[in-house]
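# Structural features, examined
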Amino acid sequence: MDYKIAIPSYKRQDTLKKKTLVMLREYKVPSKTIHVFVADSEEAKLYRETLEPGTYGKIIVGKPGIKEIRNFMAKYFDEDEKIVYFDDDITKLWRCVSKGDPKEKKDNKLIKLESLDKFIKDAFKLSKKTGFRN
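Here is a short report on the structure shown in this document. Computed from a predicted model, the values in this text were never measured in an experiment.

## Digging into the environment of G57
Of note, G57 is situated in the loop between α3 (41-50) and β3 (58-61). Judged by its relative accessible area of 34%, G57 is partly exposed.

Take a look at the structure:
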């Protein structure tokens, strides 16, 4: 995979363990690509004690506060790296298929996303095509 997964989390090590990390494992995301961002060294210790080794790549101490940690995450990675941001409580990913008017709920159907890797790569291709950098 030519992208990295970044997950901010605060005092939700059990949630992360039971939800997002399980979902990423189901999609066969290599653990080395998963970066968990926490507020301080005490949080990092709790996460290391709770999360199973091999289910994530790195735990990184950032800054307290969601705005601050998101800004920290953006600056943590090199400018040319492809980053996908996830919350710590994701259990399933869906795609919406519209048969008719996409604004009408009855015309839309949710289908479980088959390949997270393909979805992410397609999103980066579309981003590049529309003028955004990778």
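## Digging into the environment of D101
In this structure, D101 sits in the loop between β5 (94-98) and β6 (108-112). Among the residues examined, D101 registers a relative accessible area of 34% and is labelled partly exposed. Measuring from C-alpha to C-alpha, the distance between D101 and K32 comes to 41 Å, with 69 residues separating the pair along the chain. Apart from residues no more than four positions distant in its own chain, D101 is found in contact with D107 and N108. One polar contact links the side chain of D101 to the main-chain amide nitrogen of K103, over a distance of 2.9 Å.

## Notes on the pairing of strand β1 (residues 4-8)
With four of its five residues buried, β1 lies for the most part within the structure. In this sheet, strand β4 (residues 83-85) lies alongside β1 in parallel orientation, the contact comprising three bridges. Residue I5 lies in a different strand from β4, and its bridge partner there is V84. Two elements, β1 and strand β2 (residues 34-38), share four bridges in a ladder whose sense is parallel. Within β2, the position partnered with I7 by the bridge is V36.

## What about the pattern of salt bridges?
This model, assessed by the stated rule, comprises nine salt bridges. K106 is the salt-bridge partner of D107, the closest N and O atoms lying 3.3 Å from each other. Take D107: its relative accessible area is 17%, and that puts it in the buried class. When the shortest N-O distance is used, the salt bridge between K118 and D122 registers 2.7 Å. Placement of the pair is K118 and D122 together in helix α5 (residues 116-129), with a separation of four residues, close to one helical turn. Here the residues in one salt-bridge network are R12, D88 and D89, joined through shared partners.

## Some thoughts on the environment of K4
Along the chain, K4 turns up in strand β1. For K4, a relative accessible area of 28% puts it in the partly exposed group. The spacing of K4 and I34 is 30 residues in sequence and 6.3 Å in space, taken between C-alpha atoms. Here E81 takes part through its side chain, which lies 2.3 Å from a polar atom of the side chain of K4.

The rules we used
Residues numbered from 1 in each chain as written. Predicted model: local features only at pLDDT ≥ 70, side-chain atom pairs only at ≥ 80, totals over all residues. Heavy atoms only, no water. Helix = DSSP H or I, 4+ residues; strand = E, 2+ residues; numbered from the N terminus. Buried < 20%, exposed > 50% of the residue type's maximum accessible area, 1.4 Å probe, protein only. Contact = heavy atoms within 4.5 Å. Polar contact = N/O pair within 3.5 Å; in protein donor to acceptor, adjacent residues only side chain to side chain. Pairing = 2+ DSSP bridges. Salt bridge = Lys/Arg side-chain N within 4 Å of Asp/Glu carboxyl O.

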